[in-house]
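# Examining the three-dimensional arrangement
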Amino acid sequence: MRLELQADPVSVRQVLRRVRDRLAADLSEIAVGNLELVLAEMLNNIVKHAYLGKGGRIDLQIGAGPGCLLCRVTDQGIAMPGGVLPDRARLQPGLPVADLPECGFGWRMIRDLATDLQYRRETGWNVVQFRMALT
């Protein structure tokens, strides 16, 4: 499956619905839900941080691998800081809700649900690849 979308919240929601509709008959509800969570976080991060809410193009590819989905997301937005994916959010135990940091939780969730997560910058494109388990 190859999809191209504009980097805006409405297009992200439409693409997530298309992915869910295409895969729902073939995959478990858990697998589809996990993929939807990962893609929602990743695509919305691109809209907000890579393109700074000014729009742009995002390409999404999803293919079948042995016992998994192979996913690739590319965009021409701003590169990841330091050229690497954000690390898991590190929180002190017992931290009051008011003191929780604003960001970082999405990447923790992505790292918990996806495997073989890789990032690189390639001729002006951000390229993120990962696998999603089918169970």
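Given the structure is predicted, the values throughout are model-derived calculations rather than measurements.

Turning our eyes to something else, we now look at the overall build of the protein. Counting secondary structure elements, the protein contains three helices and five strands. Here the protein holds 135 residues, and 39% of them are scored as buried. Put simply, of all contacts in the protein between residues at least 6 apart along the chain, 61% involve residues at least 24 apart. Accessible surface, the protein as shown: approximately 7900 Å² in total, 53% of it carbon and sulfur.

Here Cys 71 shows up in strand E3 (residues 68-75). For Cys 71, a relative accessible area of 4% translates into the label buried. Setting aside residues no more than four positions away along its own chain, Cys 71 makes contact with Leu 35, Gln 61, Ile 62, Val 128, Gln 129, Phe 130 and Met 132.

A few words now on the side chain of Asp 75. Tracing the chain through its elements places Asp 75 in strand E3. Buried charge without a salt bridge: Asp 75, with Arg 121 as the nearest opposite-charge side chain at an N-O distance of 5.2 Å. In this structure the side chain of Asp 75 is engaged in a polar contact, spanning 2.8 Å, whose partner is the backbone nitrogen of Gly 77. Sequence-distant contacts of Asp 75, that is, excluding residues within four places in its chain, are made with Ile 46, Ala 50, Tyr 51, Arg 57, Ile 58, Gly 124, Trp 125 and Asn 126.

Pairing in this open sheet of five strands is antiparallel, and the strands run E1-E2-E3-E5-E4 from one edge to the other. With one partner strand each, in any of the chains shown, strand E1 (2-6) and strand E4 (114-122) form the two edges of the open sheet. Between one strand and the next, the sheet's axes are offset by a mean angle of 15°, whatever the strand orientation. Note: E1 against strand E2 (residues 57-65), five bridges, orientation antiparallel. Bridge assignment links Gln 6 to a residue of E2, and that residue is Arg 57. Contacting E1, E2 and E3, helix H1 (residues 9-23) runs over the sheet at an angle of about 160° to E1.

The rules behind these values
- Residues numbered from 1 in each chain as written.
- Predicted model: local features only at pLDDT ≥ 70, side-chain atom pairs only at ≥ 80, totals over all residues.
- Heavy atoms only, no water.
- Helix = DSSP H or I, 4+ residues; strand = E, 2+ residues; numbered from the N terminus.
- Buried < 20%, exposed > 50% of the residue type's maximum accessible area, 1.4 Å probe, protein only.
- Contact = heavy atoms within 4.5 Å.
- Areas by Shrake-Rupley, 256 points an atom, 1.4 Å probe, with all protein chains shown as cover.
- Lys, Arg positive; Asp, Glu negative; His and termini not counted.
- Salt bridge = Lys/Arg side-chain N within 4 Å of Asp/Glu carboxyl O.
- Polar contact = N/O pair within 3.5 Å; in protein donor to acceptor, adjacent residues only side chain to side chain.
- Pairing = 2+ DSSP bridges.
- Axes fitted to C-alpha atoms, helices over the stretch in contact; angles between N-to-C directions.

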